[in-house]
Amino acid sequence: MPKWGVLIVGLIALIVIITFLALRLRPANKITFPPCPDFTTQRLIIASKEITVALADSPAKRMHGLSSCPAIPENSGMYFILGKAHNTAFWMKDMLAPLDIVWVKDNVVTWVVPAAPIPSPGQSDDTLTKYTSPSPVDAVLELPAGQAQTHGIKIGTTIKPI
């Protein structure tokens, strides 16, 4: 083989090796989610029942919510503290379990969305249902589907942090 042929083969091999290493060593673009939150951060008394909840009290926690959490224990949930009352919307992006969504203002339930279903596999974000508060709220409680009814949570129920 002529010298220029060996040079070309060597150059091609070098390009293949560099490309392989670059692809192998680059940081993954995959977003990783933390495990399920600590459901014992806060205790709430609702309709004479005690529920333990994880607090979503920062923008990052509110954005992530319960996404990718495979199971929410019974009598547990996530309490979203929103600050000043305003209309807001939630969706079920990356949820693995159906939820009851409880809208709250001044520690009183204003509306309940029972059993919001999980998205279909491969469902695009733009087709996800948006659950919008019917009036301004300052907090939202997410519970495993059916727990609002089990605990007697309905419009007018008081929520008391303890």
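Along every chain, residues carry numbers that run from 1 in the direction the sequence is written. In view of the model being predicted, local features appear only for residues whose pLDDT reaches at least 70, and side-chain atom pairs are presented and counted only at 80 or more, with totals across whole chains, interfaces and linings using the full set of residues. To get the side-chain values, take all heavy atoms of the structure and skip hydrogens and water.

Q: Can you help me understand the pattern of salt bridges in this one?
A: Side chains bearing opposite charge may pair, as long as their charged atoms lie close to each other. By salt bridge we mean one thing: a side-chain nitrogen of Lys or Arg within 4 Å of a carboxyl oxygen of Asp or Glu. Inspection of the entire model under this criterion finds three salt bridges. Across the pair Arg 43 and Glu 50 runs a salt bridge whose closest N-O atoms are separated by 3.6 Å. Residue burial is assigned from relative accessible area. The probe radius is 1.4 Å, only protein chains are included, and a residue is buried under 20% of its type maximum, exposed over 50%, and partly exposed in between. Overall, Arg 43 belongs to the partly exposed group, its relative accessible area being 40%. Among the salt bridges present, the one from Lys 93 reaches Asp 125, with a minimum N-O distance of 2.9 Å. A residue pair is termed long-range when its members are at least 10 positions apart, and Lys 93 in the loop between strand 4 (89-90) and strand 5 (99-105) and Asp 125 in the loop between strand 6 (108-116) and strand 7 (131-132) qualify at 32 residues. Note on conventions: DSSP H or I runs of at least 4 residues are helices, E runs of at least 2 residues are strands, and numbering of each starts at the N terminus.

Q: Can you walk me through the pairing of strand 1 (residues 42-46) in this structure?
A: Look at any regular strand and the pattern is simple: side chains alternate between the two faces of the sheet. A one-sided burial pattern is seen for strand 1, the buried positions being Gln 42, Leu 44 and Ile 46 and the unburied ones Arg 43 and Ile 45. For two strands to be treated as a pair, DSSP must find at least two bridges joining them. Here five bridges tie strand 1 to strand 2 (residues 49-56), and the two strands are oriented antiparallel to one another. From the neighbouring strand, Ile 45 faces strand 2, where its bridge partner is Glu 50. What sits between strand 1 and strand 2 in their antiparallel hairpin is a turn of two residues, with Ala 47 showing a positive phi close to 50°. Bridge count between strand 1 and strand 9 (residues 159-161): three bridges; the pairing is antiparallel. When the sheet's bridge partners are listed, Ile 46 is paired in strand 9 with Ile 159.

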